[in-house]
Structure formats: C-alpha cells, structure tokens
Amino acid sequence: MFAVTGVQAQWNFAAWDSAMGTAPDKHSLIDSATRAIDREYLYNKPDSALLIADRILAYGLSSGDQRARRTGWYWKGAALHQKGAFDSAEAALHHALAMATDRHDIKLSADVYKILGFIREGRGDTKGALGRYLQVVSVLEQQQPADSIRNGGAYLNIAFLYQGIGLLALAEEYFAKYQDYVGDNPQARQNANSFKAELAVERGNYEEALGWYEKCLAVAKLTRNKLDEVTMLCYTGEQKMKLGRAAEARKDFAEGVRIAEQIGNEEWRAHMKAALGTLAAQEGRYREAIAQSNEALQAADRIGDRRTQHDACKSLYLANRALGRLGKALAYNDRVLALEKDMRVDELASSSLRREYQVKLVTDSVEKEKELLRAQIEHQAEVARLDRTRDYLIGGAVLLLLAAGGFFSRMRYMHRAKLRMEREKERSDDLLLNILPAEVAEELKRNGESAARDFKLVSILFTDFKDFTRTSEKLDAAHLVEEVNACFTAFDGIMEKYGIEKIKTIGDAYMCAGGLPLPSTDSALNTVLAGLEMQAFVSARKLEREAVGLLAFEMRCGIHTGPVVAGIVGVKKFQYDLWGDTVNTASRMETSGEVGKVNISEATYAQVKSEPGLIFTSRGKIQAKGKGEMEMYFVDGKRFQG
C-alpha cells in the first residue's frame, strides 16, 4: 500500500497513519517506511525522508517503542545530513548511537558512525572523519559472519579519504579491500570509476578525471540517483573549469543547482553556487558574482562548510573590490584570511596523518630487517651445531645479536632524531620567514649571515593612529589589543597583496617599504596603492564600529621615496631594519599628514604623478620637524573612494 516506484511518487502519510492506528504489527509498517526512505526518498527527496522519519520517531516516543525510537532518530539524522543541516543531524544521530550502544545493535552503530564521518568530511575535518570510519570498522569486527556491504562501505570511505589527502598507496590498499568484500556489481563499478577519477585529479590529469566523472554521471542519470547526479555535475564542472572550458562548467553547475534545489540538498547547492560565483568574478560579471556568492555563503554558514565559505568570500572580495566597495571588500578579505588560517589547521591534521603513515613505513621496514637478521642468526647456530663448533658459533651469534640490537636501537634513535630535527627545521624556517624577507632568510641560512645592502629607490610608508593614547584609555587591555591586531592583520594582508615588505610595528605605528629586498620599477605605485587601501580599511572599520556604538581609530599615513641601507640587526633576536635620511623623511610625511589622508613627498610624487587613476592635491610647502619646509601632496584614487 505504501510502496513507491519512482522518485516522483509521494508517500501516503494519511494511509500510513491510519494503518499505524489499527495494525497489530507496527514494525512491519515501520520497515516498509524505512525501505521507502532508503530506496526512494533519502537521496532524491530528503524533505520527504525527514517527514517519514519524524512519523516513525513520533510513534516511538509516544508508545515507548525503543526500536521505533532508534530507527526514527537514525533516519532523521540521515535525512538532515542529506539536507546539509549538520548540527541537527549530529544531535539526532547521537540519540540513535546512545540507544544502539545500549542494545548492542552493531549494524545501527556502524551506520551512525558512517554518517558522522560524512559530516566531519563535509566540515573539512579529515582526521575526525577518519576516526569515525575506523570506528565503523572496529564495530563491525564484532559481528560474525562479516557484513560484506557495511564492511565494504567502510573501506570505501577510508579509501576516498586517504586519496583526498594524498596517501594514494593507502587509498588503493583500502579500495582493494572494498572490492574484495563487495565483488563485481554495478555499484562497485560506479565506485571504481569515481575512485579512478579522484586519483586522476590528485595526479593533475584533469582530462582523464573528466572522462571518468562523465561515465559516473551517465550511470547516475540512468539509475535516476539524483544525489549522485548532482555530485557528478559538480565534479565535471570543476574539471572543466581547470581545463578552461568555462561555458561548459557553468552549464554543469547551473544544472547541479537546479537538481540540488529539487531534492532539497543545501550542501551541494552551496558548492555549486560558490562555483558559479567564482566563474562570474573571473569573467568580470561582478554583480552576478555577488548574488551567487551571497547565496552560497548563507548556505555554507548554516552548514559550517569552511571550503565553500572561503570560496564564496573570496569571490565577494574580488567583486566588491572591482566595484569600488572597499569597505565590504576588506571585510570579506578579513574573513578569507581567517578561513585560510582554519583550513591550514585542517591541512596540518592531514599532514600529520601523512607523517604518521611515513613513520609507520620506516618502522615496518626496520622490523622486517630485524626478522631477517634473526633468521640468519638461527641458521648460523644450526650450522654451528652440525659442525660441532656449537659453543663458539653460538657465542658469535649472541655477539652478533647484541651488535644488531645496538645497531637497530641506534637506527631507531637516529630516525626519531631526524624526524624531530625536520619538525624543528620546519618551525624555525616558518619563524624566520615571519621575521625576515624570504631572500634575506635564505641568505642567512645559506651563509650564516646577511650583508647589509644599499638600495637607491625605496618607498617607505609610516602610519599611526590619531590620539592613540587617549583612545586606549577608554578601552580595556583585551579590547585594545584586539582592535590593534585586527587593523595590523588587515595591513599585513594588504602588504602581501601589493608585494610590500613589512618592516616592523612600534606600539600603534606600522612601517613598511616597497622596492626591497628585490627592487622593482612599480614599487612606489604599489606602496601608494597599499597606503590608500589601508586608509580605506580604517575608514570603513570606523563607520562599522561607530554604527554599533564602539570606539574606533583614525589614521595618518605618510610616504617618502629615496635611498636606504637595509640589513639585519641583532644576534639573538633578528630584525630586518632600514637606515638613512629617507626613513626620517617618511616619518615626517606621516606626522605632517592629516587623518584619513595619504601624504606623500615630492620625491614620491615624481614617481607616481603620471599614473592614471590617482588624484593629487598639492599642499605647497609644509613645515616638517627637523626638515624645514617640504613640498607635500595628498594622493587619492578613484577606486578607493566611497
């Protein structure tokens, strides 16, 4: 009565409710409902699957039927996961897991851990996902005979995860285990094609990957599996983007959005909206990019999908910047930087998994060598007995064993020491690059020292906050440091964008320089553009903070261009610093400037005066402390206004 034959069919809730009220065997009706969820609704109509699961759960809660409650919680979690409602899905699944554990329900426990792993992967938590998949394997080991479908599925998930973090040998090993369990069937062949596509992506063979994904897409359409179809449309679109086939990619993503909306899957809809936003931004359709990316970001925020949040924010940053909306652009850029920091933590976790595996390979290799040595010693002892020189040879064997034990102990010690040294080297290299320019750091590592250098044309920029001391008295220490850090973090991002070298910060002052350690013809222009963007950021932040009643800084900015000497000072705490009258003059440009303005010297003006898009206001001769009267100019840019 309740069976459905295709995804267009609708579950007859009224008939099912009526039957549940009169049928003596409630569980057979619940089983028919769960079969409908699994076969028809979960991947194609998750909203309907959720409604059916809620019916089962409501009966379980009202009647006290523990089996119905476990079943209802599980399918509710599964449906919520398909909709991309990760937090609610986890809550439902933990209810199901607690009940399954109490009842020692191995199959249900394994199924719950599997979906919890999917959710972790959806959030970018690779190590957490692997932990869940390994729990599936651990739980299923308790069941005899083995459940080939569930065991195979667990190994398949682990294979795809290892493939995603670059452990291809392990990925292939677990995929072989999956194939051993499930044998040859249409679904296994579909998974094999998908796995081959993923391996091709990892190896950079995008044309090959596209071919495998298109095969998977054809099968998904043939079997009317809407979730597989939308997944494969996303993957084919991504490969086409990499291959420069933007129009075809856009078509795949648009079709994917349509199907994702049809089946109510927010996760994949967000992925493809973000991809459409990226394409639009790349092609200069900025308003479309903003519309698509905003939709993607709202969905990704609900799900907690950092990768999609990052891609959407990056497109929003690029589009708003191109449209001259600097305040919004910088806000999105701040979020991009924060998300990249979070994703680096995820990548470190993946790197940790790779290192752990590499250490295991070395350890296994040493153990095999030890076994071989033991066999050789035993053989020598046997020969010694036959030659009636048993005592002598056994003594030699014992000495050899002791020597071998010492050798391998030394080998293990050296290996561990090497790993520690490599980790410390990575940390020290990262720290050095945070302190010194990359070229100077390399010279220091190579030669043990870095010689001071003369630079003929360097543009030095100074900033400081107006009335910093007075403002700081109105903020507690934590909020003061937080606000200064927010500004300086944004400045660091602007330096990276324009290729400017940050020199140092002193209290509320920020110093940077363009044109070193590698001189360039456009360093003065880039320094001016950086100064304009810094002022735009501070002005936008002031408006935002004051709108909600918070204190905010105002800033002066000055730039001067000329010769400097640059080098490292100190022997314990390295610092890359600059010397020369150019530094002092640049400082005077800042102190002689005005809030919200970029004040430049005549020397800097001479370098950038012909640049289109820059607007100059001559200030005439201004008295500068210790310098006398100096020609100064305010510079502005059309794209930094408003």
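Being a predicted model, the structure only gives us computed values, none of them experimental. (Residues numbered from 1 in each chain as written. Predicted model: local features only at pLDDT ≥ 70, side-chain atom pairs only at ≥ 80, totals over all residues. Heavy atoms only, no water.)

A. Spatial organisation of the overall build of the protein. Per the secondary structure count, the protein includes 24 helices and 8 strands. Counting the 642 residues in the protein, one finds 48% classified as buried. Contacts in the protein between residues at least 24 apart in sequence constitute 62% of all its contacts with a sequence separation of at least 6. Surface exposure of the protein reaches about 32400 Å², of which carbon and sulfur atoms provide 52%. (Helix = DSSP H or I, 4+ residues; strand = E, 2+ residues; numbered from the N terminus. Buried < 20%, exposed > 50% of the residue type's maximum accessible area, 1.4 Å probe, protein only. Contact = heavy atoms within 4.5 Å. Areas by Shrake-Rupley, 256 points an atom, 1.4 Å probe, with all protein chains shown as cover.)

B. Highlighting the packing of helix H7 (residues 126–140) against helix H8 (residues 148–164). Relative orientation of the contacting elements H7 and H8 amounts to 160°, with a least axis distance of 9 Å. Classed by the angle they form, the pair H7 and H8 counts as roughly antiparallel. H8 is crossed by H7, and the crossing has left-handed handedness. Taking contact as the criterion, the partners of Thr-126, Ala-129, Leu-130, Tyr-133, Leu-134, Val-136, Val-137 and Leu-140 in H7 are, on H8, Arg-150, Asn-151, Ala-154, Tyr-155, Asn-157, Ile-158, Leu-161 and Tyr-162. Its residues placed into classes, the contact of H7 with H8 shows 12 nonpolar, 3 polar and 1 charged. (Axes fitted to C-alpha atoms, helices over the stretch in contact; angles between N-to-C directions. Parallel < 35°, antiparallel > 145°, perpendicular 65-115°, else oblique. Left-handed = near helix turned anticlockwise from the far one by under 90°. Nonpolar A, V, L, I, M, F, W, Y, C, P; charged D, E, K, R; others polar.)

C. Structural detail: the pattern of salt bridges. Inspection of the entire model under this criterion finds 28 salt bridges. One salt bridge in this structure joins Glu-295 and Arg-269, with 2.5 Å as the shortest N-O distance. A residue pair is termed long-range when its members are at least 10 positions apart, and Glu-295 in helix H15 (residues 286–303) and Arg-269 in helix H14 (residues 266–282) qualify at 26 residues. According to the relative accessible area criterion, Arg-269 is buried, its value standing at 17%. Between Lys-273 and Glu-295 there is a salt bridge whose closest N-O contact spans 3.4 Å. (Salt bridge = Lys/Arg side-chain N within 4 Å of Asp/Glu carboxyl O.)

D. Spatial organisation of helix H9 (residues 168–182). Between its first and last C-alpha atoms H9 spans 21 Å; for 15 residues at 1.5 Å apiece the expected length is 21 Å, and the two agree. Of all the residues in H9, the buried ones are Leu-168, Leu-170, Ala-171, Tyr-174, Phe-175 and Tyr-178. Down the axis of H9, the sector holding all buried residues measures 155°, keeping them to one side. Remark: Gly-183 follows H9 within two positions and exhibits a positive phi of approximately 70°. (Expected span 1.5 Å × (residues − 1). Arc of directions from axis to C-beta.)

E. A look at unusual backbone geometry. Unusually for a residue other than glycine, His-104 sits at a positive phi of about 55°. Looking at the element boundaries, His-104 is found in the loop between helix H5 (86–102) and helix H6 (106–122). By relative accessible area, His-104 is classed as exposed at 53%. One non-glycine residue, Asp-467, lies in positive phi territory at about 50°. Examined against the element boundaries, Asp-467 turns out to sit in the loop between strand S1 (453–465) and helix H20 (468–472).

F. Molecular detail of the side chain of Thr-527. Assignment of secondary structure puts Thr-527 in helix H22 (residues 523–547). Once residues within four sequence positions are removed from consideration, Thr-527 is found in contact with Ser-459, Leu-461, Ile-500, Gly-514 and Ile-559.

G. Highlighting H8. The end-to-end C-alpha separation of H8 is 24 Å, in line with the 24 Å expected for 17 residues at 1.5 Å each. For H8, the full list of buried residues reads Asn-151, Gly-152, Ala-154, Tyr-155, Leu-156, Asn-157, Ile-158, Ala-159, Leu-161, Tyr-162 and Gln-163. Buried positions along H8 lie against H6, H7, H9 and helix H10 (186–202). Just downstream of H8, Gly-166 is the residue with a positive phi angle, here 90°.

H. Quick look at the packing of H8 against H10. Close contact between H8 and H10 brings their axes to 10 Å; oriented N to C, the two are set at 15°. When the axes of H8 and H10 are compared, the pair comes out roughly parallel. Crossing angle aside, the handedness with which H8 passes H10 is left-handed. Here H8 contributes Leu-156, Ala-159, Phe-160, Gln-163 and Gly-164 to the contact with H10, which in turn contributes Asn-191, Ser-194, Phe-195, Glu-198, Leu-199 and Glu-202. Of the residues contributing to the contact of H8 with H10, the split by class is 5 nonpolar, 4 polar and 2 charged.

I. Geometry of the packing of aromatic side chains. According to the stated counting rule, one finds 15 aromatic pairs in the structure shown. Measuring from centroid to centroid gives 5.8 Å for Tyr-235 and Trp-268, while their planes differ by 80°, and the two rings are edge-to-face. On the criterion of sequence distance, the pair formed by Tyr-235 in helix H12 (residues 226–242) and Trp-268 in helix H14 is long-range, its members being 33 residues apart. One aromatic cluster is present, formed by Phe-465, Phe-468, Phe-488, Phe-491, Tyr-510, Phe-537 and Phe-553 through successive ring pairs. One cation-aromatic arrangement involves Lys-597 over Phe-634; the distance from NZ or CZ to the ring centre is 5.6 Å. (Phe/Tyr/Trp six-rings, centres within 6.5 Å; stacked < 30°, edge-to-face > 60°. Lys NZ or Arg CZ within 6 Å of the ring centre and 35° of its normal.)

J. Local environment of the environment of Gly-153. If you trace the backbone, Gly-153 turns up in helix H8. Separated by 28 residues in sequence, Gly-153 and Tyr-181 place their C-alpha atoms 9.0 Å apart.

K. Main features of the pairing of strand S8 (residues 628–637). Across 4 bridges, the pairing between strand S6 (residues 598–601) and S8 is antiparallel. Note on S8: the bridge partner recorded for Asn-599 is Phe-634. As judged from the 10 bridges shared by strand S7 (residues 614–624) and S8, these two strands associate in the antiparallel manner. Across the sheet, residue Gln-623 finds its bridge partner in S8, namely Glu-629. Taken together, S7 and the strand that follows it, S8, pair antiparallel across an intervening segment of 3 residues, in which Gly-626 is found at a positive phi of about 75°. (Pairing = 2+ DSSP bridges.)

The analysis is restricted to geometry; functional conclusions fall outside its scope.
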